[in-house]
Amino acid sequence: MSDDTSLRAPQDASRIAMGEDYEVRYWTNKFGVSRERLQEAVNAAGNGAAAVEAFLKRQQVS
């Protein structure tokens, strides 16, 4: 029986790997943003999950 990769969490939950579709799905669902918005946040804040989350929260407040 194969694993359902759509349900996979990142191997390193402290980093966002934009090159891995299953990770992008995980993070876009977690943060409630589009792939494009996630990419913008990673570009601005780096690939650290905590930094991206903080960036997205700051952007919502502004």
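Residues numbered from 1 in each chain as written. Predicted model: local features only at pLDDT ≥ 70, side-chain atom pairs only at ≥ 80, totals over all residues. Heavy atoms only, no water.

Take the overall build of the protein next. The helix and strand inventory of the protein stands at 3 helices and 0 strands. Sequence-ordered secondary structure for the protein, helices as α and strands as β, is α-α-α. Taking all 62 residues of the protein together, the buried fraction comes to 29%. Of all intrachain contacts in the protein linking residues separated by at least 6 positions in sequence, the fraction that spans at least 24 positions is 20%. (Helix = DSSP H or I, 4+ residues; strand = E, 2+ residues; numbered from the N terminus. Buried < 20%, exposed > 50% of the residue type's maximum accessible area, 1.4 Å probe, protein only. Contact = heavy atoms within 4.5 Å.)

In this section: helix H3 (residues 49–61). A rise of 1.5 Å per residue sets the reference length of H3, with its 13 residues, at 18 Å; its end C-alpha atoms lie 19 Å apart and thus fit the reference within 8%. All of the buried residues along H3 are Ala49, Val52, Phe55 and Leu56. Burial along H3 is one-sided: seen end-on, the buried residues are contained in an arc of 125°. The outward face of H3, more than 90 degrees from its buried face, is lined by the exposed residues Ala50, Lys57 and Val61. (Expected span 1.5 Å × (residues − 1). Arc of directions from axis to C-beta.)

With that settled, consider the confidence of the model for the protein. Low pLDDT means the predicted coordinates in that region are not meant to be read closely. Summarising the model, the protein shows a mean pLDDT of 89, and 85% of its residues fall at 70 or more. Mean pLDDT in the protein bottoms out at H3, which sits at 94, and peaks at helix H2 (residues 35–45), which reaches 98. (pLDDT = per-residue confidence, 0-100.)

Let us look at the packing of aromatic side chains. A full pass over the atoms with the stated rule returns 2 aromatic pairs. Pairing Tyr26 with Trp27 gives two aromatic rings, centres 4.9 Å apart and planes at 85°, and the pair type is edge-to-face. Of the residues examined, Tyr26 reaches a relative accessible area of 30% and is grouped as partly exposed. Judged by centre distance (5.4 Å) and plane angle (25°), the ring pair of Trp27 and Phe31 falls under stacked. Placement of the pair is Trp27 and Phe31 together in helix H1 (residues 21–31), with a separation of 4 residues, close to one helical turn. (Phe/Tyr/Trp six-rings, centres within 6.5 Å; stacked < 30°, edge-to-face > 60°.)

Another aspect to go through is the side chain of Thr28. Mapping Thr28 onto the fold places it in helix H1. In terms of polar contacts, Thr28 uses its side chain to reach the backbone carbonyl oxygen of Arg25, at 3.1 Å. In this structure, Thr28 is in contact with Val33, Ser34, Arg35 and Leu38, ignoring residues within four places of it in sequence. (Polar contact = N/O pair within 3.5 Å; in protein donor to acceptor, adjacent residues only side chain to side chain.)

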